[in-house]
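# Understanding the architecture of this molecule
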Amino acid sequence: MEGALTARDRVGIQDFVLLDETTETAFLSNLKKRFCKDLIYTYIGTLLVSVNPYKQLDIYNKKQMAIYMGVNFFELPPHIYALADNAYHTMLTEFNNHFILISGESGAGKTEASKKILQYYAVSCPSTTLLNTVRDKMLMSNPVLEAFGNAKTLKNDNSSRFGKYMDIQFDSQGDAVGGHILNYLLEKSRVVHQNHGERNFHIFYQLVEGGEDNLLQQMGLERGYQHYSYLTQGQCATVSSINDKNDWKSVKNALQVIDIDEITSNHLFGIIAIVLHLGNIHFDSDNKGHALLNNNAELHWVSNLLGVDAYTLQEGLTFKKIDAHKDQVLSPFTLDHAVYVRDALAKAMYGQTFTWLVNKINDSMENKDSSRKTVIGLLDIYGFEVFYVNSFEQFCINYCNEKLQQLFIQLTLQAEQEEYEAENIEWEPVQFFNNKIICDLVEERHTGIISILDEECLRPGDATDLTFLERLQEKMGSHPHFVTHKLADKMTRKTLERGDFRLLHYAGEVTYCVVGFLDKNNDLLYRNIKDLMCQSKNAIVKECFSTMDPDNRRRPETVATQFKSSLLKLTEILMAKEAWYIRCLKSNESKQPGQFDEALIRHQVKYLGLMEHLRVRRTGFAYRRKYEDFLKRYKPLCPATWPHWRGDPADGVELLAQHLGYLPFEYKMGRTKIFIRHPRTLYATEDAYEKCKHELATKLQAKYKGYRTKGEFKKQKEAATKIETCWRGAQARKEREKREWAVKVIRKFIKGYMTRGQAKVTDNSEYLAFVKQSYLNRLKDNLPKTVLDKTTWLSPPAVLTEASEILRKLHYRLMVRKYVKGITPQKKAQLQLKVLTSSIFKGKKDSYPQSVAQPFMDTRISENDINARVIQMIRHEHIKYSVPIIKYDRNGFKPRPRQLILTQTAAYVIEKAKIKQRVLYTALKGISVSNLTDGMIIFHVTCEDSKQKVCRYTADIWGCQNCLFLYKYGTECLLIV
Ligand SMILES: Nc1ncnc2c1ncn2[C@@H]1O[C@H](COP(=O)(O)OP(=O)(O)OP(=O)(O)O)[C@@H](O)[C@H]1O
């Protein structure tokens, strides 16, 4: 695609600066050559000349946009995208404000150009969801403003009938973050009157053609423009290039995007309906010539839609209220006057609504972030107009174009030449027509046309359009750019009516008809009507009329003066920004594609000052910069100036230029600036800078990374040291605490030791506890292992003497118990025998000691011995083990085995033993020892003895004649049955 485009673009010369000759013929021939090949754009340096092709060209798609993004001006064929992109990038690099002045006559393609630029920014700028919303609002403001502010004229089917200056705000990243629109002088007269072949504003037709049935019904409207007198005066409501039905849908959709909700939209369309109904209100006159309303239905709809009293409205349309002292007098209007008031109301309502709409759009596009932004302004203002009949509106529009041409001259031709002079640059002056003389003719205080018009509007007495003309003639007299029928020579007079005046504009002659000048300039609305509108239920009408002129008593500024002031402000806004120019040329009057009307284009080339601009560009310099700025930007390109140039900036720049290989004719050194002749030289420098920037960036990046890593390392080291210090501190504190604790413990220990003999007090309690614990611990490991070991028991500290003794006893008991438990019945029997023997023989028999170690093989104990021993044993208090014995129940002698601890029941046992003893002595017939090793001693008792209760009783139990007393031993228990 790019290749194809470049190939096509080899036709003609892309930049007029490179033309061999700077004649008008050569210029037009190049323009035509390119136009015939659909190459509608050509440069004059950085100025873009655009010729309206009147056909859709395939050069505005996203692919094309991508090709032009971030590419230097002259690297690609001329295009509006190239200009938009360069303005954008210059704004970003220099961080300053810019504006793109789009000029040309009506129908030359200004609005289209501004739309293309907006679309380009919408696609090329970085986007986020939020930014997309802003972007959509900016884009969608166009169809809304076009619907309400554009109309079909003889020159253009979509002619802007208002001036528009739109600021696109960018943040430092280059994101489009907001927008603001300034609107200038809407051609309100079109609401009530259209010339033949022209239409009212598009929105009226869109509503009656595309509006939904119920909406139309609600507003009392009928489908079709033919029902409305405000829409039929031009007799050309249907236009082939306009599709009102589709446009209606787009507008409704766009209103939503710009945050206008359904209720507000209905109020907005309600106003359109009110205007249409107003247009259908007709008046008759009574026999006194006073106006009478003859169409109550329309009045009803107007009052209904406005939400005001119908009678008051009727009164306002047919009477003037005059304050006479404290009373109010109603003065009836003539028929013409009533029509005038009706139209004035319709115009005011539409005009105010348009301003409201612009404000609403501004609200929705507003960026509330207060950070600094740069802007690119787009100025799309109505182009120079010459109609068959030109009125006050054309006068204002053409005055506006004069001002813009003046600005162009000031910023390009004049300023440029003055600068060369000031900078001492050799220069061959280029002659150009300075239109300041015409601007002065229109706007000069006291003597300008606007001042005279205002005077006529404001002076008391019967001022009329004709008296205004007379005053003009008086004051302007011999001005070379002003002619009237009276002042003209014979030849010219033929072309002028008596009520006309002619201005020789920079773009050509325009004859203005003075009729309506005073009324349009006054733009008055009677107070009673205004007050009534303030009471309207339609929120927009109410808001608009309430804020109209807050100071009700002061006469508002005239329309022309307001317009003059707003243009002055606009000039100031533009002068503070860097300018980019698009000069639009109309290719033919009949809006036909492929037609290159040479005469028409020659005329435009002439009045737009393109030849002069070309000459200045060719002999002049494309680029200039202050030495300091130039050096600041490009110093990295030369080792001598990088990184710092300490000497005179001019010398630094000279060195830089030489290092970059600038040829002597390519640049000039001025007093404070360097002037570079061709953009190519600058772009080559810029490319070298970009390349160098990358290298520098890599170096910087490396340095920065190193610096950051170092910093990071330093930080880490510092952190480590800190942590270490903290940790050490914590450790030291811990150590100190430990030591303190140890000291305390030792101190306590010593104190405890010193007072160990005393009763337990605070000072020795811990020590004693320690001593106890350590004694018990030691004791635990050093307990005597055998029952016979009587020496091993550790000697206790004083505090534990008693406890130690108890423990010792317990331990021995436990050992004894264990020992006893571990004794086999045989061994037990042996032992018992041994014990018995010991009690019998110890100390009595010489051989006794030797017998102790000898196990008994049989018993040689006499029955009496045993008997006596048993009794002794029973009596023995040291039997400490539980013994199951028979307890004799006194009531019935029922045996009941009972577990008794003998130590606790010694008395009882003894008592029983006595009984037994008695039994034994009386009933015992003999004792025998079992031959078996069952450890049984058998007591033989006679059972016949009836007195022997025990025996009898035992016999009951055993069921035998011979009662058995079984005395079982050999276990730890003693059993008596
Ligand atoms: N680049 C273009 N490509 C195709 N058609 C174009 C182009 N520029 C303009 N036109 C056609 O010319 C018509 C008039 O253009 P535009 O409305 O931009 O003129 P204008 O200079 O803004 O006029 P006015 O001053 O009356 O508003 C457009 O409706 C469109 O049909």
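I will try to describe carefully the structure that is included in this document. (Residues numbered from 1 in each chain as written. Predicted model: local features only at pLDDT ≥ 70, side-chain atom pairs only at ≥ 80, totals over all residues. Heavy atoms only, no water.)

## Digging into the site of the ligand
Near the ligand there are 20 residues, and of these Ser106, Lys110, Thr111, Ser159 and Ser160 occur at the shortest range. Separating an oxygen atom of the ligand from a backbone N or O atom of glutamate 112 is a distance of 2.9 Å. Against a free-state accessible area of 630 Å², the protein chains account for coverage of 90% of the ligand. Contributing elements (two or more residues each) for the shell around the ligand: α5 (110-124) and β5 (159-160). Tallied by class, residues from the shell around the ligand come to six nonpolar, 10 polar and four charged. (Near = heavy atom within 4 Å. Polar contact = N/O pair within 3.5 Å; in protein donor to acceptor, adjacent residues only side chain to side chain. Areas by Shrake-Rupley, 256 points an atom, 1.4 Å probe, with all protein chains shown as cover. Helix = DSSP H or I, 4+ residues; strand = E, 2+ residues; numbered from the N terminus. Nonpolar A, V, L, I, M, F, W, Y, C, P; charged D, E, K, R; others polar.)

## Thoughts on the environment of leucine 19
Along the chain, leucine 19 falls in the loop between α1 (2-8) and α2 (24-36). A relative accessible area of 9% places leucine 19 in the buried class. Sequence separation between leucine 19 and leucine 614 is 595 residues, and the spatial gap between their C-alpha atoms is 9.7 Å. Filtering out sequence-adjacent residues up to four positions away, leucine 19 remains in contact with Ile13, Ala26, Phe27, Asn30 and Arg618. (Buried < 20%, exposed > 50% of the residue type's maximum accessible area, 1.4 Å probe, protein only. Contact = heavy atoms within 4.5 Å.)

## Quick look at the nonpolar core
Core analysis: the largest hydrophobic core is formed by 183 residues, its most contacted members being Ile100, Tyr121, Phe204, Leu317 and Phe501. If you tally residues by element for this core, the top one is helix α15 (residues 335-365), at 14 residues. Every residue in contact with phenylalanine 204, bar those within four places of it in the chain, is listed here: Val191, Leu231, Ile272, Val275, Leu276 and Tyr350. (Core = buried A, V, L, I, M, F, W, Y, C linked by side-chain atoms within 4.5 Å.)

## Details of a nonpolar patch on the surface
On the surface, Ile746, Ile750, Tyr753 and Met754 cluster together into a nonpolar patch covering about 440 Å² of accessible area. If you trace the backbone, tyrosine 753 turns up in helix α29 (residues 679-754). (Patch = residues over 30% accessible without salt bridge, like charges linked within 9 Å, V, L, I, M, F, W, Y side chains within 5 Å. Salt bridge = Lys/Arg side-chain N within 4 Å of Asp/Glu carboxyl O.)

## Side note on a negative patch on the surface
A cluster of acidic residues, Glu628, Asp629, Asp648 and Asp651, forms a negative patch on the protein surface. Take glutamate 628: it is sitting in helix α27 (residues 627-634). The class of glutamate 628 is partly exposed, set by a relative accessible area of 45%. (Lys, Arg positive; Asp, Glu negative; His and termini not counted. Charge placed at Lys NZ, Arg CZ, Asp CG, Glu CD.)

## Observations regarding the environment of glutamine 352
Assignment of secondary structure puts glutamine 352 in helix α15. Along the backbone, glutamine 352 and isoleucine 540 are 188 residues apart, and their C-alpha atoms lie at a distance of 9.0 Å.

## Digging into the pattern of salt bridges
A complete count under the given rule lists 40 salt bridges for this structure. A salt bridge links glutamate 198 to arginine 190; the nearest nitrogen and oxygen atoms lie 2.9 Å apart. Residues glutamate 198 and arginine 190 agree in their burial class; the two are buried. The partner of arginine 471 in a salt bridge is glutamate 455, and the shortest N-O contact between them spans 2.5 Å. With a gap of 16 residues between them, arginine 471 in helix α19 (residues 465-476) and glutamate 455 in helix α18 (residues 449-458) connect regions that are remote in the sequence. Overall, the relative accessible area of 21% leaves arginine 471 in the partly exposed class. Among the charged side chains, a network of salt bridges with common partners joins Arg161, Glu187, Arg190, Glu198 and Glu385.

Taken by themselves, the reported measurements are silent on function.
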